[in-house]
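What follows is the residue order along each chain.
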Amino acid sequence: MEQEVISKKELLDATGISYGQLYRWKRKNIIPEEWFIKKSSFTGQETFFPKEKILERIEAIKGMKDAYSLDDLSAFFSPRPADVALSGAVLAARSILTLETLKAYGNSSSDEHYDFHSILFLSLAEELKGKIDDESCCEMIDFMKKSYKAKEHQISELLAFQKQNVVIWAIISPPAHVYSSSEILVRVNLEDKVNQLKHRLSAVH
């Protein structure tokens with residue numbers, strides 16, 4: 001299903017931000033360039049945005065811009081991983097991950113420290129374990145450890161296909177279109193998951 005979009009004029013009217021602010025945030029990569037979608041219109045060419053994502057992002061920026069510099073916001077919203085190292089005990093105490101997830105897919109020691117990538121992969125397993133079995137969750141974590149680093153600076157999606165009880169994992173970057181004779185078990189926007197995790201981890205420090 002095609003995503004709902006909002007025009008630049010509608011966006012500026014709805015959010016109360018200026019043209020200058022919008023493009024300053026673009027230059028700082030606080031708003032991804034990929035979200036500026038050029039489409040033909042009766043006036044020539046017009047810029048549109050993915051509606052839900054851009055409204056959510058601008059609301060977050062407006063809530064943070066008085067407390068943080070543009071460089072800080074750029075680092076926060078970057079797809080690059082945050083510099084963290086948290087123990088399993090802290091992650092469980094702050095409800096970032098459950099003890100069940102840490103025991104099933106992490107290290108058995110509560111003193112073990114996890115970096116951003118490890119926390120991201122475990123949080124994905126926690127979210128997906130209702131849709132796929134434990135073995136597939138472990139396979140996903142192994143796949144992400146081997147494959148995610150090459151895509152972490154890009155907007156990308158994690159997919160799982162199933163055919164004859166075999167689950168195959170893949171990472172794609174838009175504007176790729178997926179056509180498959182296999183069942184798509186999982187489709188996750190990794191950029192969204194990275195930003196959600198950063199928000200949750202920011203409350204830990």
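For the structure itself, consult the block above.
In this text, all values refer to a predicted model and were calculated from it rather than measured experimentally. (Residues numbered from 1 in each chain as written. Predicted model: local features only at pLDDT ≥ 70, side-chain atom pairs only at ≥ 80, totals over all residues. Heavy atoms only, no water.)

A. Summary view of the overall build of the chain. Counting its secondary structure elements, the chain contains nine helices and eight strands. Dimensions of the chain, computed from the C-alpha atoms along their principal axes, are close to 60 × 45 × 25 Å. Looking at the 205 residues of the chain, the share that counts as buried comes to 41%. Partitioning the intrachain contacts of the chain with sequence separation of at least 6 by distance along the chain shows that 60% fall at a separation of at least 24. In the form shown here, the chain has an accessible surface area of approximately 12,100 Å², with 48% of it arising from carbon and sulfur atoms. Where the 27 positive side-chain charges of the chain centre and where its 30 negative ones centre are 6 Å apart. (Helix = DSSP H or I, 4+ residues; strand = E, 2+ residues; numbered from the N terminus. Buried < 20%, exposed > 50% of the residue type's maximum accessible area, 1.4 Å probe, protein only. Contact = heavy atoms within 4.5 Å. Areas by Shrake-Rupley, 256 points an atom, 1.4 Å probe, with all protein chains shown as cover. Lys, Arg positive; Asp, Glu negative; His and termini not counted. Charge placed at Lys NZ, Arg CZ, Asp CG, Glu CD.)

B. Structural detail: the sheet that holds strand β6 (residues 157–163). The strand order β7-β6-β8 describes an open sheet built from three strands, whose pairing is antiparallel. For this open sheet the edge positions go to β7 (166–172) and β8 (183–189), each flanked by a neighbour on one side alone. The mean angle between the axes of side-by-side strands here comes to 15°, regardless of whether they run parallel or antiparallel. As paired strands, β6 and β8 are joined by six bridges and run antiparallel to one another. Bridge pairing in β8 links Gln 162 to Glu 183. (Pairing = 2+ DSSP bridges. Axes fitted to C-alpha atoms, helices over the stretch in contact; angles between N-to-C directions.)

C. Fine view of a negative patch on the surface. On the surface, a cluster of negative charge is contributed by Asp 133, Asp 134, Glu 135, Glu 139 and Asp 142. Relative to the elements of secondary structure, Glu 135 occurs in helix α8 (residues 134–147). Using a relative accessible area of 55% as the deciding quantity, one classes Glu 135 as exposed. (Patch = residues over 30% accessible without salt bridge, like charges linked within 9 Å, V, L, I, M, F, W, Y side chains within 5 Å. Salt bridge = Lys/Arg side-chain N within 4 Å of Asp/Glu carboxyl O.)

D. Summary view of the nonpolar core. Formed by 34 residues in total, the largest nonpolar core has its most connected members in Ile 119, Met 140, Met 144, Leu 158, Trp 169 and Leu 201. Mapped by element, the contributors of at least two residues to this core are α6 (99–105), α7 (116–128), α8, β6, β7, β8 and α9 (190–202). The dominant element in this core, judged by the number of residues it contributes, is α7, at eight residues. Contacts of Trp 169, omitting those with residues within four sequence positions, involve Leu 128, Ile 132, Ser 136, Glu 139, Met 140, Phe 143, Leu 158, Leu 159, Ala 160 and Val 186. Counting residues in each nonpolar core, the second largest holds 21 residues, with Leu 12, Tyr 23, Phe 77 and Ile 155 among its members. (Core = buried A, V, L, I, M, F, W, Y, C linked by side-chain atoms within 4.5 Å.)

E. Seen up close, unusual backbone geometry. The backbone of Ser 95 shows a phi angle near 60°, a positive value even though the residue is not glycine. You can see Ser 95 is positioned in the loop between α5 (88–93) and α6. Despite not being glycine, Gln 164 shows a phi value in the positive range, around 50°. In this fold, Gln 164 is placed in the loop between β6 and β7. Taking relative accessible area as the criterion, Gln 164 reaches 73% and is therefore assigned exposed.

F. Structural view of the pattern of salt bridges. Counted by the stated rule, this structure contains eight salt bridges. Residues Asp 66 and Lys 65 are paired through a salt bridge, measuring 3.7 Å at the closest nitrogen-oxygen approach. The closest approach of N and O atoms between Lys 129 and Glu 100, which form a salt bridge, is 3.6 Å. Here the residue Lys 129 occupies a position in the loop between α7 and α8, and Glu 100 occupies one in helix α6, the gap between them amounting to 29 residues. Judged by its relative accessible area of 27%, Lys 129 is partly exposed. On the accessibility criterion, Glu 100 (56% relative accessible area) is exposed.

G. Quick look at the sheet that holds strand β3 (residues 44–50). Here we have three strands laid out as an open sheet, ordered β1-β3-β2, and antiparallel in their pairing. The open sheet has two edge strands with one neighbour each: β1 (5–7) and β2 (37–41). Across this sheet, the average inter-strand angle for adjacent strands is 45°, counted without regard to direction. Inspection of the sheet shows β2 paired to β3 by five bridges, in the antiparallel sense. When the sheet's bridge partners are listed, Lys 39 is paired in β3 with Glu 46. Each of β1 and β3 touches helix α3 (residues 51–64); the most contacted strand, β3, lies at about 70° to it.

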